[in-house]
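# Structure assessment
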Amino acid sequence: MASILTSLGRTVLAGFVLLILIILALGGNFSASELPFVFRWLHVMFGVMWIGLLWYFNFVQIPSMPKIPDEQKPAIGKVIAPAALFWFRWAALLTVLTGLIVATLNGYAHQAFTLQAPFRAIGLGMWIALVMAFNVWFIIWPNQKRALGIVAVDADVKAKSARVAMLTSRLNTLLSIPMLFLMVAQSHNATWFVVVV
């Protein structure tokens, strides 16, 4: 067991194997009719990683940086932050892609994107998520590359880039609250937003 748990790759693979065994043991099947659910599950899984990392940056890393001694900060900037940003941006992309697949497979993509009833809530959530994903790839990541020294720039540009990345990350944290509510309310609460026409 230790050989599985000491490797992230083997741990994740073992998690998928365990899932398949549980599905088979409970009599589940892998027919094409299950495809929308599989993509919904992937959408939620990638979304948990994306928003989890967003909240890690905003609730843990950013507030903790001033408390870290200067000689220890390179470990964050050179090792932890780049790795977290790698998973952060790819989780954002995969969350969006799987969400689009779910909306298409379930036949509500057009209605949601055009904010038509009864898919206004999830549609608005989708638009907010698209803004957030845009921010990740086209504002946060380019600025973080400069702030972390992945791209060489002078000290003033580095400081400005760090601030822009932080403020945009905070904007995404702000947007994540209504986005998550809209996504969950549409799927799990039949009474929200039904009056709006």
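What counts as what
Residues numbered from 1 in each chain as written. Predicted model: local features only at pLDDT ≥ 70, side-chain atom pairs only at ≥ 80, totals over all residues. Heavy atoms only, no water. Helix = DSSP H or I, 4+ residues; strand = E, 2+ residues; numbered from the N terminus. Buried < 20%, exposed > 50% of the residue type's maximum accessible area, 1.4 Å probe, protein only. Contact = heavy atoms within 4.5 Å. Core = buried A, V, L, I, M, F, W, Y, C linked by side-chain atoms within 4.5 Å. Axes fitted to C-alpha atoms, helices over the stretch in contact; angles between N-to-C directions. Left-handed = near helix turned anticlockwise from the far one by under 90°. Nonpolar A, V, L, I, M, F, W, Y, C, P; charged D, E, K, R; others polar. Patch = residues over 30% accessible without salt bridge, like charges linked within 9 Å, V, L, I, M, F, W, Y side chains within 5 Å. Areas by Shrake-Rupley, 256 points an atom, 1.4 Å probe, with all protein chains shown as cover. Salt bridge = Lys/Arg side-chain N within 4 Å of Asp/Glu carboxyl O.

With that settled, the discussion passes to the environment of Ala91. Topologically, Ala91 is positioned in helix α4 (residues 73-105). Residue Ala91 is classed as buried on the basis of its relative accessible area, which comes to 2%. Between the C-alpha atoms of Ala91 and Gly123, which are 32 residues apart in sequence, the distance is 20 Å. Not counting residues within four places of it along the chain, the set of residues in contact with Ala91 comprises Phe46, Met49 and Trp50.

Judged by nonpolar contacts, the single largest core of 36 residues is most densely connected at Trp50, Phe88, Tyr108, Ile122, Met132 and Met179. Counting residues per element, the ones that place at least two in this core are α3 (35-64), α4, α5 (109-113), α6 (120-147) and α7 (155-188). In this structure Ile122 touches Tyr108, Ala112, Leu182, Met183, Gln186 and Ser187, once residues within four positions along its chain are discounted.

Here the focus is unusual backbone geometry. That bond from Ala117 to Pro118 is cis: its omega, 5°, falls within 30 degrees of zero. Mapping Pro118 onto the fold places it in the loop between α5 and α6. Of note, the phi angle at Leu115 is positive, near 55°, even though the residue is not glycine. Structurally, Leu115 is set in the loop between α5 and α6.

Another point: the packing of α3 against α7. In the contact formed by α3 and α7, the axes pass within 10 Å of each other and the chain directions differ by 145°. The hand of the α3/α7 crossing is left-handed. Contacts between α3 and α7 pair Arg40, Ile51, Leu54, Trp55, Phe57, Asn58, Phe59 and Ile62 from the former with Met166, Ser169, Arg170, Asn172, Thr173, Ser176, Met179, Leu180 and Ser187 from the latter. In terms of residue class, the contact of α3 with α7 is made up of nine nonpolar, six polar and two charged.

The next subject is a nonpolar patch on the surface. Together, Leu8, Val12, Phe16, Leu35, Phe37, Val38, Trp41, Met45, Ile101 and Leu105 line one region of the surface with nonpolar side chains, adding up to about 840 Å² of accessible area. Every element with two or more residues in the nonpolar patch is listed here: α2 (8-25), α3 and α4. Per element, the largest residue contribution to the nonpolar patch is five residues, and it comes from α3. Structurally, Val38 is set in helix α3. Taking relative accessible area as the criterion, Val38 reaches 35% and is therefore assigned partly exposed.

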